[in-house]
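Below, each chain spelled out in residue letters.
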Amino acid sequence: MEQLHHLDQTITPDDVDTLRHQLEAAIVAVGGDPEAAADMILALNEALVNSVRHGYQGQPGWLRLEIWRDGRSLIVKQYDAAPPFDPTAVPPPDTTLPLALRPLGGMGIHMMRHFTDDLHYAQTTNGYNELTLVKHNAFT
Amino acid sequence: MEIAISQANGRFPIKIFHLTGDFLDEETLVAQAASAVASGDRYILLDLKKVRSIGSAGLRGLHRVFQLLQEAGNADHEAVKKGILAGTYTTPYLKLLSPSKNAVQALHLAGYDMYLDIYTNQKTAVNSF
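For clarity, every value in this text was computed on a predicted model and none was experimentally measured. (Residues numbered from 1 in each chain as written. Chains lettered and ligands numbered in written order. Predicted model: local features only at pLDDT ≥ 70, side-chain atom pairs only at ≥ 80, totals over all residues. Heavy atoms only, no water.)

Moving on: the overall build of chain B. Looking only at helices and strands, one finds five helices and five strands in chain B. Element order for chain B, N to C, with α for helix and β for strand: β-β-α-β-α-α-β-α-β-α. Its C-alpha atoms give chain B principal-axis dimensions of roughly 40 × 30 × 25 Å. Residues counted as buried form 51% of the 129 residues belonging to chain B. Intrachain contacts of chain B at a sequence separation of at least 6 include 70% that bridge at least 24 residues. Carbon and sulfur atoms form 51% of the exposed surface of chain B, whose accessible area is close to 5900 Å². Between the mean site of the 13 positive side-chain charges and the mean site of the 12 negative ones, chain B shows a separation of 6 Å. (Helix = DSSP H or I, 4+ residues; strand = E, 2+ residues; numbered from the N terminus. Buried < 20%, exposed > 50% of the residue type's maximum accessible area, 1.4 Å probe, protein only. Contact = heavy atoms within 4.5 Å. Areas by Shrake-Rupley, 256 points an atom, 1.4 Å probe, with all protein chains shown as cover. Lys, Arg positive; Asp, Glu negative; His and termini not counted. Charge placed at Lys NZ, Arg CZ, Asp CG, Glu CD.)

So, in structure tokens, the structure goes:
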């Protein structure tokens with residue numbers, strides 16, 4: 001596996017847009033397929049928003065992002081120090097319910113799953129959340 | 001995301017919201033829609049041709065605008081209920097124009113495409129209200 005990019009920073013909700021653009025540019029700059037990069041960024045956006053809005057409750061918090069290449073696969077690892085939360089354990093929403101009868105929201109994790117090929121959660125030995133997003137065939 | 005607003009007249013006056021950018025926040029759209037509804041508008045066409053992708057917050061924004069317009073409109077609740085049960089109901093108040101492939105994917109993933117009519121031609125869309 002080859003690490004393509006990483007960052008360690010304090011993040012607030014206002015940083016998500018900039019971060020998203022920065023990461024997409026980094027993936028495309030190393031030859032990532034633009035469509036795969038767009039899917040990954042959409043999934044990662046949901047992960048970032050979950051972390052800053054729900055995990056850190058809108059307060060500044062520590063975030064580490066690593067972008068890796070493994071053959072033709074693009075792998076993004078997101079670490080935060082928010083309270084433990086495993087998004088892969090959240091059941092999918094019932095999308096067959098009529099819109100008029102549905103609760104608002106609940107689509108973020110569903111989108112994360114859809115726009116990646118694999119999604120893994122772990123807790124690091126020091127208690128951080130580690131979320132791994134994988135997109136296959138992202139490099140030619 | 002930016003929103004430019006224009007007006008068209010079909011059978012009713014229609015507000016057309018032309019969205020540009022990634023649709024990843026809900027407040028911009030909901031604020032504009034609430035303002036239009038407060039001014040008496042009841043029909044909104046969302047022009048999505050310059051929207052590359054829709055995130056969960058964008059979907060939530062669409063849902064909130066759907067609710068706003070349903071509440072403001074004079075929907076025949078019995079007909080709505082029957083249509084929902086028969087799986088044939090689409091809202092007469094909110095329609096979508098020219099979503100990108102990625103946007104269609106998000107709408108389909110959320111199941112919103114069952115309740116929101118999607119058009120590829122503005123004139124046809126306006127005349128469908």
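Before going further, it helps to examine the sheet that holds strand β2 (residues 13-20) of chain B. Strand pairing within a sheet occurs via backbone hydrogen bonds; the two strands may be parallel or antiparallel. Residues and elements named next belong to chain B. With mixed pairing, the five strands of this open sheet are ordered in space as β1-β2-β3-β4-β5. Of all the strands in the sheet, just β1 (2-9) and β5 (118-119) have a single pairing partner and so form its edges. Against the sheet, helix α2 (residues 56-72) touches β3 (44-50) and β4 (94-97), its axis set at about 140 degrees to β4. (Pairing = 2+ DSSP bridges. Axes fitted to C-alpha atoms, helices over the stretch in contact; angles between N-to-C directions.)

The predicted model of chain B averages 92 in pLDDT, with 100% of residues at 70 or higher. Scoring of the predicted complex yields 0.90 for pTM and 0.87 for ipTM. (pLDDT = per-residue confidence, 0-100.)

Taken together, the contact between chain B and chain A spans 23 residues of the former and 24 residues of the latter. On the surface where chain B and chain A come into contact, there are two salt bridges. A salt bridge links R52 of chain B to E24 of chain A, with the nearest nitrogen and oxygen atoms 2.9 Å apart. Connecting chain B to chain A are five residue pairs in polar contact (both at pLDDT 80 or more). Where the side of chain B that touches chain A is concerned, the elements lending two or more residues are α2 and α4 (101-110) of chain B. Examining the composition of the side of chain B that touches chain A, we find that seven residues originate from one element, α2 of chain B, more than from any other. The class makeup of the residues in the side of chain B that touches chain A is ten nonpolar, eight polar and five charged. (Salt bridge = Lys/Arg side-chain N within 4 Å of Asp/Glu carboxyl O. Polar contact = N/O pair within 3.5 Å; in protein donor to acceptor, adjacent residues only side chain to side chain. Nonpolar A, V, L, I, M, F, W, Y, C, P; charged D, E, K, R; others polar.)

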